[in-house]
Amino acid sequence: MDRRNFMNTALATAGVLTGFETFADANAAPVQFADKLSLKVLGTNWGFVGNTDAFCAALKKEGYDGMEIWWQGNPEKRNELLAALKKYDLEVGFLCGSAAPDYAAHLDGFKKQINAATTEFPMKPLYVNCHSGRDYFTYEQNKAFIDHTSEVSAKTGIPIYHETHRGRMLFAAHITRNFIEKNPQLRLTLDISHWCNVHETLLADQQETVKLALSRVGHIHSRIGHEEGPQVNDPRAPEWEAAVKAHLAWWDEVVAHKVKSGETLTVLTEFGPPNYLPTVPFTHQPLADQWAINVHMMHLLRKRYIKS
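Note that this is a predicted model, so its numbers are computed, not measured.

**Some details on the overall build of the chain**
Okay, so step 1: The number of helices and strands found in the chain is 11 helices and 8 strands.
Okay, so step 2: On C-alpha atoms alone, the chain measures out to a radius of gyration of 19 Å, which is about the 19 Å that the 2.2 N^0.38 rule sets for 308 residues.
Okay, so step 3: Contacts spanning at least 24 positions in sequence make up 77% of the contacts within the chain whose residues lie at least 6 apart.
Okay, so step 4: Accessible surface computed for the chain: about 13,800 Å², of which carbon and sulfur atoms make up 53%.

As structure tokens, then:
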């Protein structure tokens, strides 16, 4: 028996999968989308072993609506991506960002990626998600990233979101609040797992700030974090019930905003591979099956947020 089958069999035998599904069913979202097309669930190629065609084939088989992928600067890679998206009838959202430590080089590289991702791909992306700035840049330096994306989004009609991510400009809840209050055009990709880790809480002491952030969310990364890390080892395990409940409550509020506004919500299932996913010491074998967890999250999101 391979590791994936072993893990799934062990969890099912322990009653964990059934228990998690029971919990999700017993706690239905207070507001749901009437139209299933109002929720688009995407998959990540982070950790996937195989080429773009194989990845798209796997997404289609599982029932995903599309993928989120880093902007492809190589024309051949873009052609490969376009062909696979068309072949499997999938949509795409792009991820843009820079790793340059120098501010000027960082901003220049970021602008080039944003400009390319919004103009050089034949298929219009659902959105562009940004790993924006750095946590050590000044407020004014990081504001330049918002200003540029706001201008590009207005010109192209493509939504551009800034992710709440460790190491980036929106790395913490209170920092993000300052940006929200001073930049009414700012829209977020909510990966609130990072804030749980940064603040070492499930954010009960920052409810007003979290509520403000939830009102600005355009896109969600549906990974579940905890007080000591950005990713639980398996959200189906009963020991993570408090973290799961907290994240579902935050996502519920975002869905309620979208239903009220009539907007479509995009969600990426983004449980990551090692070293986000904990491993067994010395062997570096993952403690859970990343792909299975993400597929589980896709089904959970649809069941929770689309009226049957």
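**What to know about the nonpolar core**
Okay, so step 1: Membership of the largest hydrophobic core comes to 79 residues, with the highest contact counts inside it found for M67, L85, F121, W250, W251 and Y305.
Okay, so step 2: Non-local contacts of M67, meaning those with residues more than four positions away in its chain, are made with L42, G43, F55, C56, L59, L81, L85, E91, V92 and G93.
Okay, so step 3: Core analysis: the second largest hydrophobic core is formed by 5 residues, L42, L126, Y127 and L268 among them.

**Description of the confidence of the model for the chain**
Okay, so step 1: Taken as a whole, the chain shows an average pLDDT of 93; of its residues, 91% reach a score of 70 or greater.
Okay, so step 2: Of all helices and strands in the chain, the one with the weakest mean pLDDT is helix 1 (residues 3-14) (47), whereas strand 6 (residues 188-190) scores best (99).
Okay, so step 3: pLDDT under 50 marks residues 12-16. Its contacts with residues more than four places away, or in other chains, come to 5 contacts.

**Re the pattern of salt bridges**
Okay, so step 1: Under the criterion given, the structure shown has 15 salt bridges.
Okay, so step 2: A salt bridge links K40 to E91, with the nearest nitrogen and oxygen atoms 3.0 Å apart. Placement of K40 in strand 1 (residues 39-44) and of E91 in strand 3 (residues 91-97) is noted, with a sequence separation of 51 residues between them.
Okay, so step 3: Among the salt bridges present, the one from R177 reaches E181, with a minimum N-O distance of 2.9 Å. Placement of the pair is R177 and E181 together in helix 7 (residues 173-182), with a separation of 4 residues, close to one helical turn.
Okay, so step 4: Overlapping salt bridges bring together R177, E181 and E208 as one network.

**Re helix 3 (residues 52-62)**
Okay, so step 1: When helix 3 is considered as a whole, its buried residues turn out to be T52, F55, C56, A58 and L59. For helix 3, the buried positions fall inside an angular range of 160° around the axis, keeping them on one side.
Okay, so step 2: With a side-chain oxygen lying 3.3 Å from the backbone nitrogen of D53, the N-terminal cap of helix 3 falls on N51.
Okay, so step 3: With its phi angle positive at about 105°, G63 sits one or two positions after the end of helix 3.

What counts, and where the lines are drawn
- Residues numbered from 1 in each chain as written.
- Predicted model: local features only at pLDDT ≥ 70, side-chain atom pairs only at ≥ 80, totals over all residues.
- Heavy atoms only, no water.
- Helix = DSSP H or I, 4+ residues; strand = E, 2+ residues; numbered from the N terminus.
- Rg over C-alpha atoms; globule rule 2.2 N^0.38 Å.
- Contact = heavy atoms within 4.5 Å.
- Areas by Shrake-Rupley, 256 points an atom, 1.4 Å probe, with all protein chains shown as cover.
- Core = buried A, V, L, I, M, F, W, Y, C linked by side-chain atoms within 4.5 Å.
- Buried < 20%, exposed > 50% of the residue type's maximum accessible area, 1.4 Å probe, protein only.
- pLDDT = per-residue confidence, 0-100.
- Salt bridge = Lys/Arg side-chain N within 4 Å of Asp/Glu carboxyl O.
- Arc of directions from axis to C-beta.
- Polar contact = N/O pair within 3.5 Å; in protein donor to acceptor, adjacent residues only side chain to side chain.

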